[in-house]
Amino acid sequence: MQRFTRALVTGASTGIGAAIASELATRGTELVVVARSADQLEALAEQWRAAHGVDVEVLPADLTDPGQLERVEDRLRTEDAAVDLLVNNAGWGSTGAFIDSTPDEATTCIELNVTALTRLTHAVLPRLVAAGHGGVLNVSSVGGFQPVPHFAVYAATKAYVSSFTEAVHEELRGSGVHVTALCPGFTRSDFVTAAGAEDEAARIPDFLWQDVEPVACAGVDGVSRGRGVVVSGALNQVTTGLSSVTPSTVSRRVVAGVINRFT
Ligand SMILES: NC(=O)c1ccc[n+]([C@@H]2O[C@H](COP(=O)([O-])OP(=O)(O)OC[C@H]3O[C@@H](n4cnc5c(N)ncnc54)[C@H](OP(=O)(O)O)[C@@H]3O)[C@@H](O)[C@H]2O)c1
């Protein structure tokens with residue numbers, strides 16, 4: 001079980017990212033927190049410092065802006081107050097038929113969920129591998145296990161995150177560095193509001209939803225234990241298990257049917 005000295009968490013201003021940062025702080029890990037909302041990050045940083053006595057550095061950045069992303073990459077390469085855990089949590093997607101979306105929506109989703117995650121992982125790994133210690137926790141989704149009609153680009157980015165993470169996990173076997181994909185299912189956060197899917201989410205039964213705290217705890221435990229993939233929640237473990245053994249010609253139609261029921 002690895003313990004981490006300092007973690008950089010993206011998307012730490014709310015939701016799953018804030019819960020992961022909080023979970024790490026309770027375990028005594030210092031933090032570097034990244035998101036666009038500087039005020040929200042500062043307010044949470046004050047709480048974590050007061051409650052857990054940890055050092056918290058606030059690094060506001062829009063990860064879809066190449067210049068701002070580069071500043072975060074530079075922070076990950078820094079030897080002073082070095083980061084030994086990167087949590088790529090910031091993510092976004094919009095729902096609806098692909099032909100009704102704008103090209104900019106797809107680009108933003110890919111830039112945040114794929115490009116930023118890949119570049120940040122690339123920035124931190126050489127130092128971690130040289131040290132023979134550290135981790136990367138990439139927040140994917142159960143939506144990455146099969147194509148998801150009406151969430152086409154988002155689900156494709158999460159399929160990328162899971163595939164990329166598992167591949168690099170194997171490349172680093174024996175190095176002392178673990179790269180882990182955390183796959184949450186429906187999780188109560190600001191995600192559905194940001195995705196413009198409040199009406200659809202309101203029709204999803206309550207028992208299918210998880211709170212952010214158990215999801216965050218599963219992710220931090222998973223990367224600490226060197227797991228390749230962590231699916232949070234027993235129900236999500238069953239559905240992703242079924243997805244893995246079902247041909248996508250079947251699973252994509254089942255998912256489309258479920259989505260049509262809720263939209
Ligand atoms: N909630 C779910 O049902 C669910 C299910 C599966 C997977 N996930 C994944 O879990 C992760 C966290 O989602 P969440 O549910 O916690 O959503 P959320 O509540 O909407 O939080 C998203 C976080 O990402 C940050 N962010 C968004 N755009 C950004 C940008 N351009 N640059 C930097 N930071 C940005 C947001 O902060 P600012 O707005 O301050 O920038 C916020 O801190 C995502 O990767 C999501 O895909 C969520």
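Anyway, here's the lowdown on the structure attached to this text.

**A look at the environment of Arg127**
Move 1: Relative to the helices and strands, Arg127 resides in helix 4 (residues 103-131).
Move 2: A relative accessible area of 14% means that Arg127 is categorised as buried.
Move 3: Separated by 104 residues in sequence, Arg127 and Glu23 place their C-alpha atoms 24 Å apart.
Move 4: Excluding anything up to four places from it in sequence, Arg127 contacts Leu76, Arg77, Thr78, Glu79, Ala82 and Val83.

**Quick word on the side chain of Arg75**
Move 1: Along the chain, Arg75 turns up in helix 3 (residues 66-77).
Move 2: The class for Arg75 is buried, based on a relative accessible area of 10%.
Move 3: Setting aside residues no more than four positions away along its own chain, Arg75 makes contact with Arg6, Leu8, Val32, Glu57, Leu59, Asp80, Ala81 and Val83.

**Points about the nonpolar core**
Move 1: With 32 residues, the main nonpolar core has Val9, Ile20, Leu24, Leu31, Val33 and Trp48 as its most contacted residues.
Move 2: Counting only elements with at least two residues in this core, the list comes to strand 1 (6-10), helix 1 (15-26), strand 2 (30-34), helix 2 (38-52), strand 3 (56-58), strand 4 (85-88), strand 5 (134-139) and helix 8 (212-224).
Move 3: Among the elements that line this core, the one with the most residues is helix 1, at seven residues.
Move 4: Non-local contacts of Trp48, meaning those with residues more than four positions away in its chain, are made with Ala12, Ala18, Ala21, Ser22, Ala25, Leu31, Val33, Gly53, Val54 and Val56.

**Let's talk about the packing of aromatic side chains**
Move 1: Throughout the structure, instances matching the rule amount to five aromatic pairs.
Move 2: An aromatic cluster is present here, built from Phe151, Tyr154 and Phe191 joined pairwise through their rings.

**Let's talk about the site of the ligand**
Move 1: Looking at the ligand, there are 29 residues lining it, with Arg36, Ser37, Asn89, Tyr154 and Ser189 nearest.
Move 2: Asp62 places a side-chain nitrogen or oxygen 2.9 Å from a nitrogen atom of the ligand.
Move 3: Take Ser189: an N or O atom from its side chain is 2.5 Å from an oxygen atom of the ligand.
Move 4: In isolation the ligand offers 890 Å² of accessible surface; the protein chains occlude 93% of this area.
Move 5: Those elements that place two or more of their residues in the shell around the ligand are helix 1 and helix 5 (152-171).
Move 6: In terms of residue class, the shell around the ligand is built from twelve nonpolar, 13 polar and four charged.

**Thoughts on the sheet that holds strand 4**
Move 1: If you walk across this open sheet you meet the seven strands as 3-2-1-4-5-6-7, and the pairing is parallel. Of all strands in the sheet, those with a lone pairing partner are strand 3 and strand 7 (229-231), marking the two edges. Taken over all neighbouring pairs, the strand axes of this sheet differ in orientation by 15 degrees on average, direction set aside.
Move 2: Where strand 6 (residues 177-183) meets strand 7, three bridges bridge the pair, whose relative direction is parallel. When the bridges of strand 7 are listed, Cys183 appears paired with Val231.
Move 3: Its contacts with the sheet put helix 3 on strand 1, strand 2, strand 3 and strand 4, and the angle it makes with strand 1 is roughly 165 degrees.

**What about the packing of helix 1 against helix 2?**
For any two helices packed against each other, the geometry comes down to the angle between their axes and how far apart the axes lie.
Move 1: It is at 10 Å that the axes of helix 1 and helix 2 come closest, and there the two elements cross at 20 degrees. Considering their axes alone, helix 1 and helix 2 lie roughly parallel with respect to each other. The interaxial crossing formed by helix 1 with helix 2 has right-handed handedness. Touching Ala18, Ala21, Ser22, Ala25 and Thr26 of helix 1 are Leu44, Trp48 and His52, all from helix 2.
Move 2: Per-class residue counts for the contact of helix 1 with helix 2 are five nonpolar, three polar and no charged.

**What about the pairing of strand 4?**
Move 1: Of the two faces of strand 4, the one holding Leu85 and Val87 and the one holding Leu86 and Asn88 are both buried throughout.
Move 2: Bridge analysis of strand 1 against strand 4 gives three bridges, and the strand direction is parallel. Bridge pairing links Ala7 to Leu85 in strand 4.
Move 3: Each parallel crossover has a hand, and for strand 4 linked through helix 4 to strand 5 it is right-handed.

**Some words on the side chain of Arg6**
Move 1: Topologically, Arg6 is positioned in strand 1.
Move 2: At 4.3 Å, Asp55 is the nearest oppositely charged side chain to Arg6, a buried residue that forms no salt bridge.
Move 3: At a separation of 3.4 Å, a polar atom in the side chain of Arg6 contacts the main-chain carbonyl oxygen of Ala81.

The rules behind these values
Residues numbered from 1 in each chain as written. Predicted model: local features only at pLDDT ≥ 70, side-chain atom pairs only at ≥ 80, totals over all residues. Heavy atoms only, no water. Helix = DSSP H or I, 4+ residues; strand = E, 2+ residues; numbered from the N terminus. Buried < 20%, exposed > 50% of the residue type's maximum accessible area, 1.4 Å probe, protein only. Contact = heavy atoms within 4.5 Å. Core = buried A, V, L, I, M, F, W, Y, C linked by side-chain atoms within 4.5 Å. Phe/Tyr/Trp six-rings, centres within 6.5 Å; stacked < 30°, edge-to-face > 60°. Near = heavy atom within 4 Å. Polar contact = N/O pair within 3.5 Å; in protein donor to acceptor, adjacent residues only side chain to side chain. Areas by Shrake-Rupley, 256 points an atom, 1.4 Å probe, with all protein chains shown as cover. Nonpolar A, V, L, I, M, F, W, Y, C, P; charged D, E, K, R; others polar. Pairing = 2+ DSSP bridges. Axes fitted to C-alpha atoms, helices over the stretch in contact; angles between N-to-C directions. Parallel < 35°, antiparallel > 145°, perpendicular 65-115°, else oblique. Left-handed = near helix turned anticlockwise from the far one by under 90°. Right-handed = clockwise from strand over helix to strand, strands pointing away. Lys, Arg positive; Asp, Glu negative; His and termini not counted. Salt bridge = Lys/Arg side-chain N within 4 Å of Asp/Glu carboxyl O.

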